[in-house]
Amino acid sequence: MMMNKRLIAMCDESKKYMGLTILCSWVGIVCNIVIVWLIGQLINRMVEGEALNMTGGSIGEALSSYPLIGPISLATGMIVVMIALVVKWVSHYLYGCYSYQASANARTTLRRLIYQKLLRLGMAYQQVEKTSGIVQLSIEGVEQLEIYFGKYIPQFFYSLLAPITLFVCLSFISFKAALVFMLGVPLIPLSIVAIMKVAKRILKAYWNNYANLGETFLENLQGLTTLKVYNQDERKHQEMNEEAEGFRQITMKVLSMQLNSINVMDLIAFGGSAIGTIVALYEFKRGMLQVGDLIVIITTASRIGTRLFT
């Protein structure tokens, strides 16, 4: 899938929902950072030997008097974590809703535009496009855009926004590790774009093969009686088998290309996470990081390895 400005401009209503989808993803990553950071600060206090004062008071008073970080007590930190979990759940739910709305509006808009163009062409539409091609375009072709508008575009821009957020947050803990993550993570969408440019020829051949196969099937089905009268149905059957085998082979090439893109993306993601973790471990060994800060960085690295908190 490539960035098609014309296609996106045609589905103007979907832009709003795609933006809201990106916002929900960003809110989710912020909530994760807050939760992990507070847990890391609690671990730091525990390593320093800070304990709950349970003498002469209730658990609530002990939690309120436990210093987590600055003026924030353990009780306040627990409340913030619970709020962050609720916000994260709501953002995850809204992400699914907005993602569906983006793809649904795009499908409705494109099918309406196809129908309007057919009405303008009238019976002369066959001079422009064959019936089988129109059927495949308005059904299968439009359905495939569900992933494009609902997942691909929001995830692409989110993968560019998330590294900036991670860099700003982690730079207060370890600037070197944050810089490694900042330099490594944007290579994920860039690698996808590079691979898709190389695979553009394969995808074009795939769609042409798919359209030709549907056209042949429709023509043979419409002329089945005539083929049987002239004893040509067996020959057409063999031709369809050969075209189906060619379509299977080009489909395997597309799947192989997609698998290679995932492998490259995982290599960059896990490789950058591993380097960032090594940098954090080196700083921890030199006493530049506390245990809780190290855990925050390692947790963030593992999340980056699973493609940015998705």
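These numbers were taken from a predicted model, which means no experiment stands behind them.

Peer 1: So what exactly am I meant to see when it comes to the packing of helix α2 (residues 12-47) against helix α4 (residues 74-121) here?
Peer 2: How two helices pack is summed up by the angle between their axes together with the distance between the axes. Between α2 and α4, the least distance of the axes is 8 Å, while the angle of their chain directions is 160°. It follows from the interaxial angle that α2 and α4 lie roughly antiparallel. In this structure, the crossing between α2 and α4 has a hand that is left-handed.

Peer 1: Mind showing me how you'd approach the environment of Ser174 here?
Peer 2: Its place among the elements puts Ser174 in the loop between α6 (145-170) and α7 (175-184). Taking the C-alpha atoms as reference points, Ser174 and Asp293, 119 residues apart in sequence, are found 8.4 Å from one another. Excluding anything up to four places from it in sequence, Ser174 contacts Glu283, Leu289 and Ile297.

Peer 1: What am I meant to see in the nonpolar core here?
Peer 2: Taken as a class, soluble globular proteins show a tendency for nonpolar side chains to be buried jointly. With 15 residues, the main nonpolar core has Leu7, Met18, Leu110, Leu145, Tyr148, Phe149 and Ile153 as its most contacted residues. Listing elements by their share of this core, those giving two or more residues are α1 (5-10), α2, α4 and α6. The element that contributes the greatest number of residues to this core is α6, accounting for five residues. With 13 residues, the next largest nonpolar core counts Val36, Leu170, Ala178 and Ala280 among its residues.

Peer 1: Looking at this structure, how should I read the packing of aromatic side chains?
Peer 2: Given two aromatic rings, one states the distance between the centres and the angle between the planes to describe the pair. In the structure shown here, the tally under the stated rule is two aromatic pairs. A centroid spacing of 6.3 Å and a plane angle of 35° characterise the contact between Tyr17 and Tyr98, whose relative ring orientation is tilted. With Tyr17 in helix α2 and Tyr98 in helix α4, this pair connects stretches of sequence that are 81 residues apart. The class of Tyr17 is buried, set by a relative accessible area of 16%. The class of Tyr98 is partly exposed, set by a relative accessible area of 22%.

Rules of the game
Residues numbered from 1 in each chain as written. Predicted model: local features only at pLDDT ≥ 70, side-chain atom pairs only at ≥ 80, totals over all residues. Heavy atoms only, no water. Axes fitted to C-alpha atoms, helices over the stretch in contact; angles between N-to-C directions. Helix = DSSP H or I, 4+ residues; strand = E, 2+ residues; numbered from the N terminus. Parallel < 35°, antiparallel > 145°, perpendicular 65-115°, else oblique. Left-handed = near helix turned anticlockwise from the far one by under 90°. Contact = heavy atoms within 4.5 Å. Core = buried A, V, L, I, M, F, W, Y, C linked by side-chain atoms within 4.5 Å. Buried < 20%, exposed > 50% of the residue type's maximum accessible area, 1.4 Å probe, protein only. Phe/Tyr/Trp six-rings, centres within 6.5 Å; stacked < 30°, edge-to-face > 60°.

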